[in-house]
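# Geometric and topological summary
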Amino acid sequence: NTVCINNAVPIQATYRVKDGNPGSYELGLAPKGTQGFTTRVLQAGSGEVDEAKTFTLSPALIDGVWEMRLQALDLAGNKDSRSVDVIIDNNPPLVQITAPAPGARIGGPNYVSVGGRVQDANFRDSRMDLVSSTSNQSWPIAYNLGAPNYQSANVYLGSHPSGNYKLKLAAHDC
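The text that follows walks through the structure, step by step, so that each part is easy to find. Just so you know, these numbers come straight off a predicted model, no measurement behind them.

## Details of the side chain of Gln 43
Topologically, Gln 43 is positioned in strand β4 (residues 40-46). A distance of 3.3 Å separates the side chain of Gln 43 from the side chain of Lys 53, its partner in a polar contact. Setting aside its immediate chain neighbours within four residues, Gln 43 contacts Tyr 15, Tyr 25, Glu 26, Leu 27, Lys 53 and Phe 55.

## So, the environment of Ile 141
As for its position among the elements, Ile 141 is in strand β11 (residues 138-143). Separated by 11 residues in sequence, Ile 141 and Leu 130 place their C-alpha atoms 6.5 Å apart. What Ile 141 contacts, discounting residues up to four positions off in sequence, is Val 114, Met 128, Asp 129, Leu 130, Val 155, Leu 157 and Leu 167.

## Here's the deal with unusual backbone geometry
Cis geometry marks the peptide bond from Ala 99 to Pro 100; its omega dihedral reads -5°. Even without being a glycine, Asn 144 presents a positive backbone phi close to 55°. By the secondary structure assignment, Asn 144 is in the loop between β11 and β12 (152-156). Exposure remark for Asn 144: the relative accessible area of 32% places this residue in the partly exposed category. For Cys 174, which is not a glycine, the phi torsion comes out positive at approximately 55°. By the secondary structure assignment, Cys 174 is in the segment after β13 (165-173). Take Cys 174: its relative accessible area is 28%, and that puts it in the partly exposed class.

Scoring rules and cut-offs
Residues numbered from 1 in each chain as written. Predicted model: local features only at pLDDT ≥ 70, side-chain atom pairs only at ≥ 80, totals over all residues. Heavy atoms only, no water. Helix = DSSP H or I, 4+ residues; strand = E, 2+ residues; numbered from the N terminus. Polar contact = N/O pair within 3.5 Å; in protein donor to acceptor, adjacent residues only side chain to side chain. Contact = heavy atoms within 4.5 Å. Buried < 20%, exposed > 50% of the residue type's maximum accessible area, 1.4 Å probe, protein only.

In structure tokens, the structure reads:
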């Protein structure tokens, strides 16, 4: 199980500690693979707990894979823990339209090659829209353009009236 977030969005965690002889618990974050699990403690306490809480990461965590771990210790000294990987991604995708060239004139009801590039380690999806320069109305013309192994597409523009248009490429990560 892996969760992908950025520091600007609070994390909501639901966690439960149940034991007939409850002791203490700690919910924390540490860089994945850290020996001894040096954490940033999000919540700690004693007794049984069944909660859903929202945490804001301040100061912000650096990009990378982190481990969120809930550790519990009962009064008899028995320990248990559960963890989930959390990918911190604070950087937006970098997008570039590669075709057609800026200012290109396209004529007639035909197929046009459009191209894009998206750079992001946690690419989720993208969409290219054709946007009217006069009315700002837009039409999606290609999905996931710029994803690995999908750098261009042929799209039919014959259903759109003559005029000036812009291409807009938007991408999302996590």
